[in-house]
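# Working through the structure, step by step
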Amino acid sequence: MFARAYALFGKLLGAVLIALTLAMSAMITYQVVARYFFNAPSTLTEGLLRYALIWLGLLGAGYCFMSGQHLNLPLVLEMLPKKRAAFLKAINAWLCLLFGAILVWSGYNAIFENSRMMAPIINISVGTLQSVLLACGVMTVVSQCVEIFRLRRAGDLSLTAILGSAIVIALGIALIWWLRGTGVYEYLVDEKLELFSVIVLFGMFFLLLIIGTPIAVGLALSGILTISLQLDPSIMFTTSGEKLFNSLDNFGFLALPCFVLAGNIMTQAGIARRLIDLAMLIGRRIPGNLWHANVIANMLFGCLSGSGIAAATAIGSMVAPVAEEKKYDMPFTTAVNAASAPAGMLIPPSGPFIIYSLISGGSASIVALFLAGYVPGIIMGLSVMVVAYIYARRNKYPTDKSPYKGSEVMVTLWKALPSLTLVLVVIGGIVGGVFTAVEGSGIAVFYSLLLAILYRSLTWTQLIRASLQTVITSGVILLLIAASGLMSWSMTFASIPDSIGLFLTGISDSKYVILLLINISLLIGGIFMDMSAALLIFTPILYPVVTAMGVDPVHFGVVMIYNLCMGVVTPPVGTVLFVSCGITGQSITRVVRPLLPIFLVQILGLLAITYIPELSLFLPRLFGM
């Protein structure tokens, strides 16, 4: 009975969140129409959108807890025997339950403490708006109880193991509580607060990361523990929940779910086929033309979808059968698809650039970052094409020397042009000041829907699937953003960025050496973390250091995201690599070898972008950004 009710609630919540996502996109589009056609922009929709985003983020996070979608690092879990892995999963479930309990506490207090405070414009009680913390917390607590019961029912956990995992968490909390009363603790807090905060914050976070705790929960709990060094627990819990809520109260974040939705609609509508035809036309006469077509198509589709995984899946699934039929080297084909898919994430519209801009406080504008991403994105793609060309020439792959036919060129361009026009409309409108990045995201959704209708390639089922995938992606990313905001606040509270800055400048006062060290750190960090998580963790730490040394914020944003784009292809968290291997059926061990020369050339491109800022800044400066 409970299982049916739980499943039914999940479906209802998914439907509500899909409706909310589509309504947000419609309201953003309405904002543009109201301003330009009626000269009456609505402040009400702007107020509604701000809080709708927070509710989407926190309710979406709860939905992701229910469906087990939150990102984690499963390295240790995958190495352990089944029973021990289940025990560790139970510990993680208790930790997530603890996080949910903090949200429940914070949300409950916020409802009563802020019940008389009214939100401007929409005139709704702030306490009512913050009740979403309570809802998210309840869903998290219930979902983790269900997860523990599932492990028990599957026979992976005994009752003794469940109690043992709970005792481990209880002992950990008791140990922390006991340490707070010792003289050593008081000395460290009074005399060595910055160093102690660094040890507590990163020690706790990496411990949770290693054992497979969801990254967002690890960020939040390590931030809360660090804050507890200076705040009373009762104040800390309430403040932490409100900080999570306020971290999402940024109008700019609205662009994220809308661009994700536009990309998902394009993916479901089968736009990739038209882009593959165009890419094949462009790369026809180059040795290894199918590989070059793969790279070009990934760059085109990646910038439309904003997702390396979507590009690798959509383009790779079309290229792989043809490559096998034409006797192409399949491990190398897999490597080409995987290494080129993230290039589209550098070419706007790009979600990572939006996240970086907002995390950095807007010092690097979204428009400037969009323009700055073009050349590095092309460099990343060309790096793959260079290696593919050399490999094809060395192994004497044939080329298609048939003449281009005018009718063939025109038909191919005509089919692909509407899809490519999306980028021109959205980026042109943003750069030209016709609409903001947020409004551009709404236009992107409207245009992609219009395109799918004209192509007659999107069913209601596909639209629902695209919207639900957007809900899941948004729930994961927005909770990461909220948790990273809490972690960043704890770092600022303890002056941790200043301490790290002093440490780095103590190694060298040369910004070129510091940038090299940062590149190495990001490349290593990207191996173990998803891009969104790494971006949210590293930006607050490194941004103050490099800007104090005179590095342009836009230039550094491009360097960061180029690094982390390479990370999504490298094991053990190389999601794009796993997807590409799954499509072709090749093992990772066979694909790693052809990936190495591609990585080498891409790293040379990274060094060029790092030490020749004009490669990134030329276009923003050309347009006066």
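Reading guide: rules and limits
- Residues numbered from 1 in each chain as written.
- Predicted model: local features only at pLDDT ≥ 70, side-chain atom pairs only at ≥ 80, totals over all residues.
- Heavy atoms only, no water.
- Phe/Tyr/Trp six-rings, centres within 6.5 Å; stacked < 30°, edge-to-face > 60°.
- Helix = DSSP H or I, 4+ residues; strand = E, 2+ residues; numbered from the N terminus.
- Buried < 20%, exposed > 50% of the residue type's maximum accessible area, 1.4 Å probe, protein only.
- Core = buried A, V, L, I, M, F, W, Y, C linked by side-chain atoms within 4.5 Å.
- Contact = heavy atoms within 4.5 Å.
- Salt bridge = Lys/Arg side-chain N within 4 Å of Asp/Glu carboxyl O.
- Patch = residues over 30% accessible without salt bridge, like charges linked within 9 Å, V, L, I, M, F, W, Y side chains within 5 Å.
- Areas by Shrake-Rupley, 256 points an atom, 1.4 Å probe, with all protein chains shown as cover.

### Quick look at the packing of aromatic side chains
This structure, assessed with the given rule, holds 16 aromatic pairs. With 5.0 Å between their ring centres and 65 degrees between their planes, Tyr 108 and Phe 112 make a pair best called edge-to-face. Here Phe 112 and Tyr 108 lie together in helix 4 (residues 82–113), a separation of 4 residues that amounts to about one turn. For Tyr 108, a relative accessible area of 49% corresponds to the partly exposed category. Look at Tyr 185 and Phe 196: their rings are 5.9 Å apart centre to centre, the planes differ by 85 degrees, and that puts the pair in the edge-to-face class.

### Some remarks on the nonpolar core
Core analysis: the largest hydrophobic core is formed by 201 residues, its most contacted members being Phe 99, Tyr 356, Ile 481 and Phe 556. Among the elements that make up this core, the one with the highest residue count is helix 22 (residues 460–493) (15 residues). Beyond its immediate stretch of four places on either side in the chain, Ile 481 contacts Ser 247, Leu 248, Phe 253, Leu 256, Ile 355 and Leu 536. With 8 residues, the next largest nonpolar core counts Ile 148, Leu 151, Leu 157 and Ala 161 among its residues.

### A few points about the pattern of salt bridges
Tallied over the full model, the rule gives 3 salt bridges. Residue Arg 50 pairs with Asp 249 through a salt bridge whose shortest N-O separation is 2.7 Å. Taken together, the residues Arg 50 in helix 2 (residues 43–67) and Asp 249 in the loop between helix 11 (233–247) and helix 12 (255–268) connect sequence positions 199 residues apart. Using a relative accessible area of 25% as the deciding quantity, one classes Arg 50 as partly exposed. The class of Asp 249 is partly exposed, set by a relative accessible area of 26%. In this structure, Arg 621 and Glu 614 form a salt bridge, with 2.2 Å as the shortest nitrogen-oxygen distance.

### With respect to a nonpolar patch on the surface
A contiguous nonpolar surface patch, about 610 Å² in accessible area, is contributed by Leu 516, Ile 520, Ile 524, Phe 528, Leu 600, Leu 604 and Leu 607. Contributing elements (two or more residues each) for the nonpolar patch: helix 24 (511–528) and helix 28 (588–611). With 4 residues, helix 24 is the single largest residue contributor to the nonpolar patch. With respect to the helices and strands, Ile 524 occurs in helix 24. By relative accessible area, which is 45% here, Ile 524 ends up partly exposed.

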